[in-house]
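As a plain string of letters, each chain reads:
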Amino acid sequence: MPDSLSSHVREIQAIAAVPRMLETVAALTGLRFVCIAHVTSDSWTACAVHDGLGFGLVPGAALDVTTTLCEEVRDSRQAVVIDCVRDSECYRDHHTPRIYGFQSYFSIPIFRPDGFYFGTLCGLDPEPARLSEGPIIPALTLFAELVSRQLETERSLSAARTALLSERDTAELREQFIAVLGHDLRTPLSAILTGAELLARRHDDPMTRQLVERMRSSALRMSGLVDNVVDFTRGRMGSGLVLDLARHADIDRVLEQVIEELRSVYPGRAIASSIERGLALRCDPQRLAQLLSNLLKNALVHGAEGCPIEVRVDIDDSRFVLEVRNEGPDLSPDVIAQLFKPYWRARSRSRDDGLGLGLYIVDQIAQGHGGTIGVRSGANGTTFTFSMPVA
């Protein structure tokens, strides 16, 4: 069977309701052989069969189209209905009833919604039947229309699945490329940062130190973007964020270092911190540092420039709590609901303030520690709160 014909058979076979539909048509008409056939100018192919006569046709079987009345239906695009061949002036001497030995017969055309002729819903029986009386023909026409609509639905679903698989493959390839690119960028970025540190130590000229500090700030920002992209693609590709959870007693110093680094990157902004001393936690300190860094960068970029950023870290009721607060316009509930989604940025934000991954990474780090991240926003500013159990 040619591939094009086999695809039409698969289309009909994919419609789960077809077997029950053919059984219903057989019961409605009293005809013991009913099928759906794909018909072209030179082929007749059975796509689904209900055979109570032992006729011998199965899905995929073919007949010489010139021996069938379905060819006539295809040419005229009109149904053919015969109650009794012996009583029909048109068909009593026709070769098709003699070849297949039937007395009652129907063939209802099946069209796709775009008008393409697919084939027929047809049936036959050696005994006469009252097909042209009452609601039988309208019911058969309705069944043919249902097959047509289901064919279109299955075709649309198949196209959607193909497009979705293609898009998924493209997305996976894109994320793999970004992950490899991010990994390869880390080495030159490290070299730039090391060079900037050496230049800062060896040159006391204010203009040179200012230029070196800009280079260092830009490299640190690029490094943060690379880290976020690599973490994001690692999570999307199945391995998830890597956390090294262990007991650490110097969490306050790790977090203070993050604040100091950002103070040097944003010398014109005030960051007020209140961090409990001697904090001991079971955690991944580098990931907590990344979480605080991302929250602070978000506050520095979107907070009011003339107001300080406030950082509070302590133990509250057996829970570790880290808060970052900034002044600025309050966030609507709709915006808050989108904040932790990857690549999301508010329309009001500039196009150069990152990839929209920082808060997504924050949420992933929070979940990795068995904690939560929440947002409060109002007239007094916006506060991000990370909380996790101490035990």
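Before going into details, it helps to say that this report is about the structure given with it. Quick caveat: nothing in here was measured; it's all calculated off a predicted structure.

Some words on the nonpolar core
Inference 1: Ranked by size, the top nonpolar core spans 39 residues in total, and within it Leu292, Leu295, Leu296, Phe320, Leu322, Val324 and Phe386 carry the most contacts.
Inference 2: The element best represented in this core is helix α8 (residues 285–302), accounting for 8 residues.
Inference 3: Non-local contacts of Leu322, meaning those with residues more than four positions away in its chain, are made with Leu255, Leu291, Leu292, Leu295, Arg312, Val313, Phe384, Thr385 and Phe386.
Inference 4: The next biggest cluster of nonpolar side chains, apart from the first, holds 26 residues, and it includes Ile15, Val18, Ala144 and Val147.

With respect to a nonpolar patch on the surface
Inference 1: Judged by side-chain polarity, Leu199, Leu211 and Met215 come together as a nonpolar surface patch covering roughly 250 Å² of accessible area.
Inference 2: Tracing the backbone shows Leu199 in helix α5 (residues 136–202).

Topic: the side chain of Thr67
Inference 1: As for its placement among the helices and strands, Thr67 is situated in the loop between β3 (62–63) and α3 (70–76).
Inference 2: At a separation of 2.5 Å, a polar atom in the side chain of Thr67 contacts the side chain of Tyr100.
Inference 3: Excluding residues within four positions of it along the chain, Thr67 makes contact with His95, Thr96, Ile99 and Tyr100.

Section: the environment of Val258
Inference 1: Here Val258 is to be found in helix α7 (residues 251–265).
Inference 2: Once residues within four sequence positions are removed from consideration, Val258 is found in contact with Ala289, Leu292 and Ser293.

Comments concerning the sheet that holds strand β8 (residues 271–275)
Inference 1: The strand order across the open sheet built from 5 strands is β8-β10-β11-β13-β12, with neighbouring strands paired in mixed fashion. For this open sheet the edge positions go to β8 and β12 (372–378), each flanked by a neighbour on one side alone. The mean inter-strand angle of the sheet, taken between neighbouring strand axes irrespective of direction, is 15°.
Inference 2: Summarising the sheet, β12 and strand β13 (residues 381–389) pair through 7 bridges and their orientation is antiparallel. Counted as the bridge partner of Gly374 is Thr385 from β13.
Inference 3: Those strands touched by α7 are β8, β10 (309–316) and β11 (319–326), and its axis lies near 175° from that of β8.
Inference 4: Strand contacts of helix α10 (residues 358–368): β12 and β13, with the helix running at about 135° to β12, the strand carrying the most contacts.

The rules behind these values
- Residues numbered from 1 in each chain as written.
- Predicted model: local features only at pLDDT ≥ 70, side-chain atom pairs only at ≥ 80, totals over all residues.
- Heavy atoms only, no water.
- Core = buried A, V, L, I, M, F, W, Y, C linked by side-chain atoms within 4.5 Å.
- Buried < 20%, exposed > 50% of the residue type's maximum accessible area, 1.4 Å probe, protein only.
- Helix = DSSP H or I, 4+ residues; strand = E, 2+ residues; numbered from the N terminus.
- Contact = heavy atoms within 4.5 Å.
- Patch = residues over 30% accessible without salt bridge, like charges linked within 9 Å, V, L, I, M, F, W, Y side chains within 5 Å.
- Areas by Shrake-Rupley, 256 points an atom, 1.4 Å probe, with all protein chains shown as cover.
- Salt bridge = Lys/Arg side-chain N within 4 Å of Asp/Glu carboxyl O.
- Polar contact = N/O pair within 3.5 Å; in protein donor to acceptor, adjacent residues only side chain to side chain.
- Pairing = 2+ DSSP bridges.
- Axes fitted to C-alpha atoms, helices over the stretch in contact; angles between N-to-C directions.

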